[in-house]
Amino acid sequence: VLCMFLAMLPLITAATRVWEMPIPRWISCFVALLMLVYGCLRSTSCQSSCSANLQGLLPSFAVLMEVWYLDVIVGSTINEVALDEEGVFTNVWLALHASLAVALQCWLWLKKYRSTTRFNFSSHMALSWQSSYFFCRAIDLSTGNKEWEAERQLDVAISAAVAFAVAALLPLTVVWFIGRERLFKRLSDWVEHRRKLQEGAFMAMLLDSYVVEIGQPWWLSEAEAASSRELASWLPKRKGKTEKESKHQKKTWSVTRSVSVPNEDTKRPGFVKGRVVDVADDGKSFCVELPDGKGMQVHRNQQVLPWPELLEQGRRTLRCVDWASQNEELWMDSHGMGYELSRPLGRGEIIDFFVSHSWSDPPAQKWKALKLVAESFYATRGRYPTFWVDKVCINQRQIADGLRVLPVNVMACKEVLVLCGPTYPTRLWCAWELCVLLSFMHVQQALNQLVVMPLSNPALMQLTTFNCSVSSCYDPNEELRLRHVIDAIGTERFELKIRQLGQLILDRELSSSRGLLVDAVLADGTDGTDGTAVATATAGNTVRASENQGDVPNVLPPDPSPAIPDVPVASVSVKISDGSTVNFDEDLIIEI
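Residues numbered from 1 in each chain as written. Predicted model: local features only at pLDDT ≥ 70, side-chain atom pairs only at ≥ 80, totals over all residues. Heavy atoms only, no water.

Enquirer: When you look at empty space enclosed by the protein in this model, what are you seeing that I'm missing?
Expert: Tallied over the entire structure, the rule returns one cavity of 30 Å³ or more. Each pocket or cavity is described by its volume, and for the largest cavity that value is around 40 Å³. Together, Tyr69, Leu70, Ile73, Ala101, Leu104, Gln105, Phe121, Ser122 and Met125 line the largest cavity. Those elements that place two or more of their residues in the lining of the largest cavity are helix 4 (61-81), helix 5 (88-110) and helix 6 (115-143). By residue class, the composition of the lining of the largest cavity is seven nonpolar, two polar and no charged. (1 Å grid on protein atoms, 1.4 Å probe; cavity = no way out; pocket = protein on both sides within 12 Å on 5 of 7 lines; lining within 4 Å. Points joined across faces, edges and corners; volume = space filled by probe spheres on them. Helix = DSSP H or I, 4+ residues; strand = E, 2+ residues; numbered from the N terminus. Nonpolar A, V, L, I, M, F, W, Y, C, P; charged D, E, K, R; others polar.)

Spelled out as structure tokens, the structure:
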């Protein structure tokens, strides 16, 4: 399709000049024909051995574009000079420009440069010649060297010629000013960011597709349970149910039971377990019955939105919090003020870190880890990073709407900062955030977008043995919704992805040559230590804090060279500084 579209360019420009003398545009028409043939042969319907042999006889598409460029430059220059009008300067300038373009193109072909390099230079020369052509046309019109019909407005023609010249020169100016590699990098980042947002919206749609069904468990908060009333006083009367509806309810109940649900034997603090007995036809409310016969009507919109609407909602509500707006008190618990500390994103701004953490982990350790990450970021970038934090960036009065687009928020950030504390591997929401990152990319690619700060030694090891059955959420209803989606993905596949990622993180932690993780953040000695160094590395930069738990120093020494090679080994011999040698066999290495 692209080949056929580009073939229209030489065909349209040459159609009105096929019989223009002394150089007609027959070459451009022939090039357009070959482009159409090239596009047909590349289509899936024409894939055969004969078409493959025919493609081998045709010149490359880049060569066809280069020939078209030369035909436009040479043909237009000769035809313009052949008009024998006044204005020798403009004719000489166009002739010199065309000669330079032909010489450059022949030199590129002679030196056998790559097609991408040739096409880049040819495009520059074609655009610059086109700009020169219109500038010369404007000069000839303004000086009276070019004939012009009296009834037509001359000033409009001059303005149009200048506008065309500037428009042709604008792409070159942008490339020269920004730089080709820098421009391509920005375009690549922009396309990649849009792709990630769309992937996040798709995962949000998957999470949003869960709807409450009759017969499934539902947990009411203790406050809601206290305000419940007798079943007969609030349950809507649904008269005249057809046999079809009754069969549908039985079928729904059997489907609901087949889905993994939170452990019913475990009492959830602050919640009372009930059962959904009726769902409104519009899906905006449902009725929950408690074991004592009482119940209440829960109002919750269950409209399933398509991913483009979820993407728009995520973009509209996306916020970030600056490092200067945070303090240690903010991280003490999940309650309290915080939303007013966040701000909407600026135009073109991308959040640096999505903070994935558990509120049950020690807040002091998380704050120290965040300080280290912020100072490390400032040392390498010259500014402090921006963060996405659930407490601050989700409106606590509309938590359900915020969680609805959580995958969009994950993918909207450049990197995911994991504060891996003792309870992190047991939080299902944390595992879901990692799963969002892993859903559309290879585990190794996801690893490159993770900055992990281990707050305890066993935490990373728990990720390598992640078990969905022992993970939970504070809200059992949210846990049930997540488990529905995880069952749709495949529980074993979900667990395997988390375990693979945890193993790669652990391997990178143990190998300082990999560089992302160095030491655990053990400020309070929770692992039986009396406080160790705080360290991490981001984007290939390893940063180490001092043993002192005070302020992070400005100049931090680099990590030592790795002592253990990053290859599978059956045994390792370690030479001690006193000259002795200690041997580690395979069994001991596995145990370590």
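Enquirer: It is not clear to me how the pairing of strand 6 (residues 319-322) should be interpreted in this structure. Could you clarify?
Expert: As a general feature of sheets, a regular strand has side chains that alternate between the two faces. The pairing of strand 6 with strand 7 (residues 343-344) spans two bridges and is antiparallel. Looking at strand 7, one finds that Cys320 is bridged to Arg343. Taken together, the two bridges between strand 6 and strand 9 (residues 386-388) define a ladder with antiparallel strand orientation. Across the sheet, Val321 pairs through a bridge with Phe387, a residue of strand 9. (Pairing = 2+ DSSP bridges.)

Enquirer: Just checking my understanding: could you explain the packing of aromatic side chains for this structure?
Expert: For any pair of aromatic rings, the description consists of the separation of the ring centres together with the inter-plane angle of the planes. What the rule picks out here adds up to 17 aromatic pairs. Between Phe354 and Trp388, the ring centres sit 4.7 Å apart and the planes meet at 10°, which makes this aromatic pair stacked. Taken together, the positions of Phe354 in strand 8 (residues 351-356) and Trp388 in strand 9 put the pair 34 residues apart, joining distant regions of the chain. Across the pair, Trp388 and Phe354 agree in class, each one buried. A ring pair is formed by Phe466 and Phe494, whose centres lie 6.0 Å apart and whose planes are at 65°; its orientation type is edge-to-face. One end of the pair, Phe466, is in the loop between helix 19 (457-464) and helix 20 (476-489); the other, Phe494, is in helix 21 (residues 491-510), with 28 residues separating them in the sequence. Note on Phe466: relative accessible area 2%, which makes it buried. When the ring centre of Tyr339 is taken as reference, the NZ or CZ atom of Arg319 above it lies at 4.6 Å. (Phe/Tyr/Trp six-rings, centres within 6.5 Å; stacked < 30°, edge-to-face > 60°. Buried < 20%, exposed > 50% of the residue type's maximum accessible area, 1.4 Å probe, protein only. Lys NZ or Arg CZ within 6 Å of the ring centre and 35° of its normal.)

Enquirer: Would you take a moment to explain unusual backbone geometry for this structure?
Expert: Phi is mostly negative for residues that are not glycine, and the peptide bonds are mostly trans. Its identity as a non-glycine residue notwithstanding, Lys112 has a phi of 55°, on the positive side. As for its placement among the helices and strands, Lys112 is situated in the loop between helix 5 and helix 6.

Enquirer: I would appreciate a short explanation of the environment of Asn91 in the present structure.
Expert: Positionally, Asn91 belongs in helix 5. Ignoring sequence-local partners within four residues, the contact set of Asn91 consists of Glu80, Val81 and Glu85. (Contact = heavy atoms within 4.5 Å.)

Enquirer: For this particular structure, what's the right way to read the pairing of strand 5 (residues 294-299)?
Expert: Note that strand 4 (residues 285-289) and strand 5 share five bridges and pair antiparallel. Bridge pairing in strand 5 links Val288 to Met296. Here strand 4 hands over to strand 5 after four residues, with Gly293 in that stretch at a positive phi of 90°.

Enquirer: What am I meant to see in the nonpolar core here?
Expert: The tendency in soluble globular proteins is for nonpolar side chains to be buried side by side. In this structure, Phe387, Trp388, Leu417, Leu419, Trp432 and Leu450 are the most contacted members of the largest nonpolar core, which totals 78 residues. Ranked by residues supplied to this core, first place goes to helix 17 (residues 428-438) with ten residues. Beyond its immediate chain neighbours, meaning those up to four positions away, Trp388 contacts Leu318, Arg319, Ile351, Phe353, Phe354, Val355, Cys393, Ile394, Leu406, Asn409 and Cys413. In terms of nonpolar packing, the next biggest core, distinct from the first, is built from 25 residues, Val31, Phe61, Met65 and Tyr69 among them. (Core = buried A, V, L, I, M, F, W, Y, C linked by side-chain atoms within 4.5 Å.)

Enquirer: Explain helix 17 here, please?
Expert: Because an α-helix packs 3.6 residues into every turn, residues spaced three or four apart end up facing the same way. Judged by how many residues are buried, helix 17 sits mostly within the fold: eleven of eleven residues are covered. All of the buried residues in helix 17 are Leu428, Trp429, Cys430, Ala431, Trp432, Glu433, Leu434, Cys435, Val436, Leu437 and Leu438.

Enquirer: Please clarify how the packing of helix 8 (residues 180-208) against helix 12 (residues 307-317) should be interpreted in this entry.
Expert: Helix-helix packing is described using two parameters, namely the angle between the two axes and the distance between the axes. The N-to-C vectors of helix 8 and helix 12 enclose an angle of 110°; their axes lie 8 Å apart at closest approach. In terms of orientation, helix 8 and helix 12 fall into the roughly perpendicular class. Crossing of helix 8 against helix 12: the hand is right-handed. Taken together, the residues of helix 12 that come into contact with helix 8 (itself represented by Arg194, Leu197, Gln198, Ala201, Phe202, Ala204, Met205 and Asp208) are Trp307, Leu310, Leu311 and Arg315. Its residues placed into classes, the contact of helix 8 with helix 12 shows eight nonpolar, one polar and three charged. (Axes fitted to C-alpha atoms, helices over the stretch in contact; angles between N-to-C directions. Parallel < 35°, antiparallel > 145°, perpendicular 65-115°, else oblique. Left-handed = near helix turned anticlockwise from the far one by under 90°.)

Enquirer: What's the story with the side chain of Asp361 in this structure? I'm lost.
Expert: By secondary structure assignment, the location of Asp361 is in the loop between strand 8 and helix 13 (363-381). Despite its burial, Asp361 remains without a salt bridge, the nearest opposite charge being carried by Lys366 at 5.8 Å. For Asp361, the side chain forms a polar contact with the main-chain nitrogen of Gly421, separated by 3.4 Å. Dropping the residues within four chain positions of it, Asp361 is found in contact with Lys366, Leu419, Gly421, Pro422, Thr423, Tyr424 and Leu455. (Lys, Arg positive; Asp, Glu negative; His and termini not counted. Salt bridge = Lys/Arg side-chain N within 4 Å of Asp/Glu carboxyl O. Polar contact = N/O pair within 3.5 Å; in protein donor to acceptor, adjacent residues only side chain to side chain.)

Enquirer: Would you mind going over the side chain of Gln105 with me for this structure?
Expert: Its place among the elements puts Gln105 in helix 5. The exposure class assigned to Gln105 is buried, which follows from its relative accessible area of 3%. Excluding residues within four positions of it along the chain, Gln105 makes contact with Glu66, Leu70, Arg118 and Ser122.

Enquirer: How do you make sense of the sheet that holds strand 11 (residues 450-454) when you look at a structure like this?
Expert: What links the strands of a sheet is backbone hydrogen bonding, and the strands pair in either a parallel or an antiparallel sense. The mixed open sheet is built from six strands, whose spatial order is 7-6-9-8-10-11. Taken across any chain shown, the strands that pair with only one partner, and hence form the sheet edges, are strand 7 and strand 11. When strand 8 meets strand 10 (residues 413-420), the two strands line up parallel, connected through five bridges. What sits directly across from Phe354, in strand 10, is Val416.

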